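Spelled out from the first residue to the last, the chains are:
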Amino acid sequence: MFLAKITGNLTATQKVDSMVGQTLFIVEPLRVDEQSQDSLKSTGRTFIAVDTVGAGEGEVVLIVQGSSARFTDETKMLPIDCAIIGIIDTVQIGTKSIYRSN
Amino acid sequence: MFLAKITGNLTATQKVDSMVGQTLFIVEPLRVDEQSQDSLKSTGRTFIAVDTVGAGEGEVVLIVQGSSARFTDETKMLPIDCAIIGIIDTVQIGTKSIYRSN
Amino acid sequence: MFLAKITGNLTATQKVDSMVGQTLFIVEPLRVDEQSQDSLKSTGRTFIAVDTVGAGEGEVVLIVQGSSARFTDETKMLPIDCAIIGIIDTVQIGTKSIYRSN
Amino acid sequence: MFLAKITGNLTATQKVDSMVGQTLFIVEPLRVDEQSQDSLKSTGRTFIAVDTVGAGEGEVVLIVQGSSARFTDETKMLPIDCAIIGIIDTVQIGTKSIYRSN
Amino acid sequence: MFLAKITGNLTATQKVDSMVGQTLFIVEPLRVDEQSQDSLKSTGRTFIAVDTVGAGEGEVVLIVQGSSARFTDETKMLPIDCAIIGIIDTVQIGTKSIYRSN
């Protein structure tokens, strides 16, 4: 899994039937700053993920990829490879807190 | 999943039997511009995807990868790892619209 | 899926039993030239793929990766993650033909 | 699989039900130093992994990705794509020991 | 699949039960030299693979990744995503032999 920030959303009227009603977010994967180890920074990539936990824009979330994205009650049988499975409260590296949700 | 622009197509007379009749598009994955956050730009990569929604060249589409590409009525049992599952109407980052289909 | 050029082959006497008799090719993934959009160029990577369509060296082929590489009659149950499922005749970007097999 | 160092942890109150009670670690994938071949160094990436073996921060662990992360008694049916399946005692390259746990 | 050189090994006393007795090797993925096309060179990456064919350090081997790594008699049901399924004897690019095992 990886951490990501929800940065936006999208609409797609024409889509696979099973995807009707699913919330799709634009997410930006994050990594721990390699040098300072004291903050999360963007990787510059862009993924589209299905929300399963009621997350919202601006939040940092936990993302699962691949076939395992189908292993939740909400996503069973969906043609998806990326799902939001948690909303992050805190991230700690060693003894230092590097992220805390508002 | 990720966003991509359909840029072309290909033909392959000699192929696995189950692929006969499938529409194959050349797609260019997109990402949100890392600096400006106000447009979609190319990643420079090239994927081949099966269409399941009647998409066309020039459109921005939603792509699913891996085993989940087989989780649509049209693609069940196909030897494919990449499918188009939606046609994008709008993309919004924060309060700004960064893409709108024509 | 992606496009690749078959550049060579390999031999491996000692191998998993189910792989005996399978044709293994060395393939070089290709992408559409990002700037000119008028040719296919190498990505510099090297994959090993099982042939299911009678392809030969020098040809440009369609490659499927992951579990879906097992979704052909020839590859069911094989321990493989990469298969050749088509031989490319033509590739077109917009209105321009950028590849044609000999 | 790959080697990684456990560098931190995170909390997520709001999450998929099946993930309640799972230990999530922040891990930093490692590689053998390409030039010297005598130490493990960071790849600069950040993954989130479920622990199945009682590992702790600072330890170097063995990580499995993808659907196989669900093939342990503890992780069956979880929506995860990354699990810790062993704690590394020693790593040897050729005749040289390049890592030993304390 | 890809080619890799076995460069070392590791020990892990504490691990998932099903992994007891499995041989784990450190492998370095290889690619064909992009310019000269006449040798195999390292990609600088490091993977951990389960051996299924009696391979040894220094050998160049064939590696399968993902769920397909479980499709051998030795690895069925193991939580692994990377297995050695063959020992390479020769690699040929066009008409030139670029690798031969000793």
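Cut-offs used in this document
- Residues numbered from 1 in each chain as written.
- Chains lettered and ligands numbered in written order.
- Predicted model: local features only at pLDDT ≥ 70, side-chain atom pairs only at ≥ 80, totals over all residues.
- Heavy atoms only, no water.
- Helix = DSSP H or I, 4+ residues; strand = E, 2+ residues; numbered from the N terminus.
- Buried < 20%, exposed > 50% of the residue type's maximum accessible area, 1.4 Å probe, protein only.
- Contact = heavy atoms within 4.5 Å.
- Least-squares fit on C-alpha atoms with pLDDT ≥ 70 in both.
- Pairing = 2+ DSSP bridges.
- Polar contact = N/O pair within 3.5 Å; in protein donor to acceptor, adjacent residues only side chain to side chain.
- Buried area = accessible area lost by both parts, 1.4 Å probe.
- Salt bridge = Lys/Arg side-chain N within 4 Å of Asp/Glu carboxyl O.
- Nonpolar A, V, L, I, M, F, W, Y, C, P; charged D, E, K, R; others polar.
- Patch = residues over 30% accessible without salt bridge, like charges linked within 9 Å, V, L, I, M, F, W, Y side chains within 5 Å.
- Areas by Shrake-Rupley, 256 points an atom, 1.4 Å probe, with all protein chains shown as cover.
- Lys, Arg positive; Asp, Glu negative; His and termini not counted.
- Charge placed at Lys NZ, Arg CZ, Asp CG, Glu CD.

Moving on to the overall build of chain A. Assigned secondary structure in chain A consists of zero helices and nine strands. Secondary structure of chain A in N-to-C order comes out as β-β-β-β-β-β-β-β-β. Across its three principal directions, the C-alpha atoms of chain A cover 45 × 25 × 25 Å. Buried positions account for 58% of the 102 residues belonging to chain A. Sequence-distant contacts, at least 24 apart, represent 55% of the contacts inside chain A between residues at least 6 apart.

Turning chain D through 72 degrees and shifting it by 0.0 Å along the axis lays it on chain A, with an RMSD of 0.0 Å. Seen this way, the second copy is the image of the first under a five-fold rotation axis. Taken as a fraction of all interface residues of chain D, those also at the interface in chain A reach only 3%, which identifies the copy contact as different-surface.

The next point concerns the pairing of strand β8 (residues 90–93) of chain C. Both strand β1 (residues 2–11) of chain B and β8(C) contribute to a ladder of four bridges, which runs antiparallel. Of the residues in β8(C), the one forming a bridge with Leu10(B) is Val91(C). Sheet topology note: the β8(C)/strand β9 (residues 96–100) of chain C ladder contains four bridges and is antiparallel. Residue pairing in the sheet places Thr90(C) in a bridge with Arg100(C) of β9(C). Between β8(C) and β9(C), which pair antiparallel and follow one another directly, the connecting turn spans two residues, one of which, Gly94(C), has a positive phi of 60 degrees.

Attention now goes to the arrangement of the chains. Contact between chain A and chain C is absent, and the minimum C-alpha spacing across the pair is 10 Å. Note that chain A does not reach chain E: the shortest distance linking a C-alpha of one to a C-alpha of the other is 10 Å.

Turning next to the environment of Asp51(D). All names here are of chain D. Structurally, aspartate 51 is set in strand β4 (residues 47–51). Along the backbone, aspartate 51 and threonine 95 are 44 residues apart, and their C-alpha atoms lie at a distance of 31 Å. A polar contact is formed between the side chain of aspartate 51 and the backbone nitrogen of glycine 54, at a distance of 3.1 Å.

With an RMSD of 0.0 Å, the fit of chain C onto chain E corresponds to turning through 72 degrees and sliding 0.0 Å along the axis. Little of the interface of chain C is mirrored in chain E: 3% of its interface residues are interface residues there too.

All right, on to the interface of chain C and chain E then. Contacts between chain C and chain E engage 31 residues on the former and 28 residues on the latter. Roughly 2,300 Å² of surface becomes buried between chain C and chain E when both sides are summed, with 52% attributable to carbon and sulfur atoms. Where chain C packs against chain E, one counts zero salt bridges. For the interface between chain C and chain E, the tally reads 16 residue pairs in polar contact (both at pLDDT 80 or more). Looking at the side of chain C that touches chain E, the elements with two or more residues in it are β1 (2–11), β2 (14–15), β3 (24–32) and β5 (47–51) of chain C. Of the residues assigned to the side of chain C that touches chain E, the class counts are 14 nonpolar, 12 polar and five charged.

Before going further, it helps to examine a positive patch on the surface. Together, Arg45(A), Arg45(B), Arg45(C), Arg45(D) and Arg45(E) make up a positively charged patch on the protein surface. Residue position: Arg45(B) is located in the loop between β4 (40–42) and β5 (47–51).

Let us look at unusual backbone geometry. Residues and elements named next belong to chain B. Positive phi, close to 55 degrees, is recorded for glutamine 37, a residue that is not glycine. Examined against the element boundaries, glutamine 37 turns out to sit in the loop between β3 (24–32) and β4. One non-glycine residue, methionine 77, lies in the positive phi region at around 75 degrees. Mapping methionine 77 onto the fold places it in the loop between β6 (60–65) and β7 (82–87).

All names here are of chain A. For the structure shown, the criterion picks out six salt bridges over all chains. Residue aspartate 33 pairs with lysine 41 through a salt bridge whose shortest N-O separation is 3.9 Å. On the accessibility criterion, aspartate 33 (15% relative accessible area) is buried. Residue lysine 41 is classed as partly exposed on the basis of its relative accessible area of 34%.

Scope: geometric values only; no functional claims are made or implied.
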